[in-house]
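Here are the chains, one letter per residue:
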Amino acid sequence: MSPTKILITGAGGMLATALESILNPSFRVTALTEKQLDITDKDAVMKSIGEAKPDVLINAAAYTAVDRCEQEQDTANRVNGTAVGYLAQAAQVTGAKVIHISTDYVFDGAKDGPYTEEDKPNPVSAYGRSKLLGERELIRFSDNYIILRTQWMYGEQGKNFVDTIIQLAQQKDELKVVDDQYGSPTYTKDLASVVRWFAEHGEMKNRVFNFSNEGIVSWFGFAREIVKLAGVKTNIIPVDSAAFPRPARRPHNSALDKTAVKRITKIDIRPWYDALYEYMKDTGRIR
Ligand SMILES: NC(=O)c1ccc[n+]([C@@H]2O[C@H](COP(=O)([O-])OP(=O)(O)OC[C@H]3O[C@@H](n4cnc5c(N)ncnc54)[C@H](OP(=O)(O)O)[C@@H]3O)[C@@H](O)[C@H]2O)c1
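Read on for an overview of the structure. Treat the numbers as computed from the prediction; the structure is a model and nothing was measured. (Residues numbered from 1 in each chain as written. Predicted model: local features only at pLDDT ≥ 70, side-chain atom pairs only at ≥ 80, totals over all residues.)

## Brief notes about the overall build of the protein
Consideration 1: Helix and strand counts for the protein stand at ten helices and twelve strands.
Consideration 2: The C-alpha atoms of the protein give 19 Å as radius of gyration, which agrees with the globular expectation for 287 residues (19 Å, within 12%).
Consideration 3: In terms of principal-axis extent, the alpha carbons of the protein reach across some 55 × 40 × 35 Å.
Consideration 4: Within the protein, the fraction of its 287 residues that count as buried is 47%.
Consideration 5: Taking the contacts inside the protein whose residues are at least 6 apart along the sequence as the reference set, 82% of them involve residues at least 24 apart. (Helix = DSSP H or I, 4+ residues; strand = E, 2+ residues; numbered from the N terminus. Rg over C-alpha atoms; globule rule 2.2 N^0.38 Å. Buried ≥ 20, exposed ≤ 12 C-beta atoms within 10 Å, placed from the backbone. Contact = placed C-beta atoms within 7 Å.)

Below, the structure written as C-alpha cells:
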C-alpha cells in the first residue's frame, strides 16, 4: 500500500513547520504556503485539493494576529471561518479527512476549572469568533473531520511567547507579566505528534478534542520558568491584565481538559515544563 498522502496548508507557520518534521518521510507530504495556496480563494482550493487528492488535509493556516483581528474582522472571518468551509467542501469531493486546528479562545474564560469539549463556546474576541465560525463551517460541510483545540503554542519558526520573553529579559532588568490569565503552554512538537495520530487513525472522525501540555500556569509563571531555564537574571513581576490594555479581550481561564484525547490516543502528555525544557535544548538555549 502506498503511504498516506497528506496536504498541509499554512506551510511556513509555526505548527506547519513541526508537522512537516514529524510527518516526513513516513508520509507523502505536500505543504503549501499562503503564496502557493491562499485558502480564501475557493477556486484555487478546489483545484489544488482536486489535483493533489490527499488522504488527509491538515489545515494549519490561520490569521493568528489576535489583536489585529479586532480591526480586521472581515479578514479574520474569511481566513479562519469561511475558508475552512472551502477546504471542507474540497475534501468532501476527493474523500479526504480534514484535521483542523482551533483554539481555547472559543471560550469566554469564566468557567471555574478546565474546559471540556462539551462546554459551550462563547468567544470574547473577534479572533475567537472567527475560529468558532471555522469549526462550524467544517462541521457543516465535512463528514470526515477532527477538530483539535489548542492553546499557548510555541515552537520553531514562529513569533512566540518563549522567544519574546528571552529577548526582553536579555534587554531589561525587570519584566511585568500578566498573572490573572491561566492556561497550559503547548509545544508544537507535542501537538504535531497528536495530529499524526489522527492522520494515522482514519476510523476516528467527526469529533472535537482538546490538546495542550499538562499542567496549568499563568503567563507570569510561564515567564518565570522560561527566564530560569535560560539563565537570564531578570526580575519578573506579576501584574493584572488591566495593566496591559489590549484591543482583544483574553479569557481569564482557558485551561483545556484533555481526558478525551488521552483516553482515545493513549498518548502520555508531558508536563509543560518538560516540553519547555526540550524546546530550550532544541533551540540551543540550554546546553
Ligand atoms: N499560536 C498559538 O498560540 C495558537 C493557539 C491556539 C490555536 N492556534 C491555532 O493553531 C493553528 C496554527 O497556528 P500557528 O501559531 O502555527 O500560526 P502561524 O505561525 O501564524 O501560521 C499560520 C500560517 O497561515 C498562513 N496563512 C495566513 N493566511 C492564509 C491564507 N489566506 N491562506 C493560506 N495560508 C495563510 C500564514 O502565512 P503568513 O504568515 O505568510 O500570513 C502562516 O504561515 C492556527 O489554526 C491557530 O489558530 C494557535
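And the narrative resumes.
## Regarding the environment of L133
Consideration 1: In this fold, L133 is placed in helix α5 (residues 126-141).
Consideration 2: Expressed as a C-alpha distance, the spacing of L133 and D163, which sit 30 residues apart in the sequence, is 30 Å.
Consideration 3: When sequence neighbours within four positions are dropped, the list of residues in contact with L133 reads N77, N80 and G81.

## What to know about unusual backbone geometry
Consideration 1: Residue N24 is joined to P25 through a cis peptide bond whose omega torsion reads -5°.
Consideration 2: At Q157, a residue that is not glycine, the phi angle is positive and equals roughly 65°.
Consideration 3: Within the secondary structure, Q157 sits in the loop between β6 (153-154) and α6 (161-171).
Consideration 4: With 15 C-beta atoms counted inside 10 Å, the residue Q157 sits in the partly exposed group.
Consideration 5: Phi at N206 takes a positive value of approximately 60°, unusual for a residue other than glycine.
Consideration 6: Residue placement: N206 occurs in the loop between α7 (188-200) and β10 (207-210).

## Brief notes about the pairing of strand β4 (residues 97-103)
Consideration 1: The element β4 is largely enclosed, with a buried count of seven among its seven residues.
Consideration 2: The alternating pattern of β4 places K97, I99, I101 and T103 and V98, H100 and S102 on opposite faces, both of which are buried.
Consideration 3: Of the strand pairs in this sheet, β4 and strand β5 (residues 145-150) are connected by six bridges, and their pairing is parallel. Each residue of the ladder has a partner; that of I99, found in β5, is I146.
Consideration 4: Considered for its hand, the β-α-β crossover made up of β4, α5 and β5 is right-handed. (Pairing = 2+ DSSP bridges. Right-handed = clockwise from strand over helix to strand, strands pointing away.)

## Quick word on the packing of helix α2 (residues 42-52) against helix α4 (residues 73-94)
Consideration 1: Interhelical geometry of α2 versus α4 gives an angle of 30° and a closest axis separation of 9 Å. Of the two possible hands of crossing, α2 and α4 adopt the one that is right-handed. Residues K42, V45, M46, I49 and G50 of α2 form the contact with α4, whose own contacting residues are Y86, L87, A90, A91, V93 and T94. (Axes fitted to C-alpha atoms, helices over the stretch in contact; angles between N-to-C directions. Left-handed = near helix turned anticlockwise from the far one by under 90°.)

## Notes on the site of the ligand
Consideration 1: Lining the immediate environment of the ligand, one finds 24 residues, of which G10, G13, E34, A61 and A62 sit closest.
Consideration 2: Those elements that provide at least two residues to the shell around the ligand are α1 (14-23) and β4.
Consideration 3: A breakdown of the residues in the shell around the ligand according to their chemical character gives eleven nonpolar, ten polar and three charged. (Near = placed C-beta within 6 Å. Nonpolar A, V, L, I, M, F, W, Y, C, P; charged D, E, K, R; others polar.)

## Quick look at the sheet that holds β4
Consideration 1: Judged by pairing direction, the sheet is parallel, and its six strands sit side by side in the order β2-β1-β3-β4-β5-β10 without closing on themselves. Among the strands making up the open sheet, the edge pair consists of β2 (28-32) and β10. Averaged over neighbouring strand pairs, the angle between their axes works out to 20° when direction is ignored.

## Digging into the pairing of β2
Consideration 1: Note that strand β1 (residues 5-9) and β2 share five bridges and pair parallel. Bridged to I6 within β2 is V29.
Consideration 2: In this fold, the crossover linking β1 to β2 by way of α1 has right-handed handedness.

## Notes on the nonpolar core
Consideration 1: Counting residues in each nonpolar core, the largest one holds 84 residues, and the members touching the most others are I8, L15, L19, L87 and V195.
Consideration 2: In terms of residue count, the dominant contributor to this core is α4 (nine residues).
Consideration 3: The contacts of L19, once residues within four sequence positions are left out, are I8, I58, A60, A192 and V195. (Core = buried A, V, L, I, M, F, W, Y, C linked by C-beta atoms within 7 Å.)

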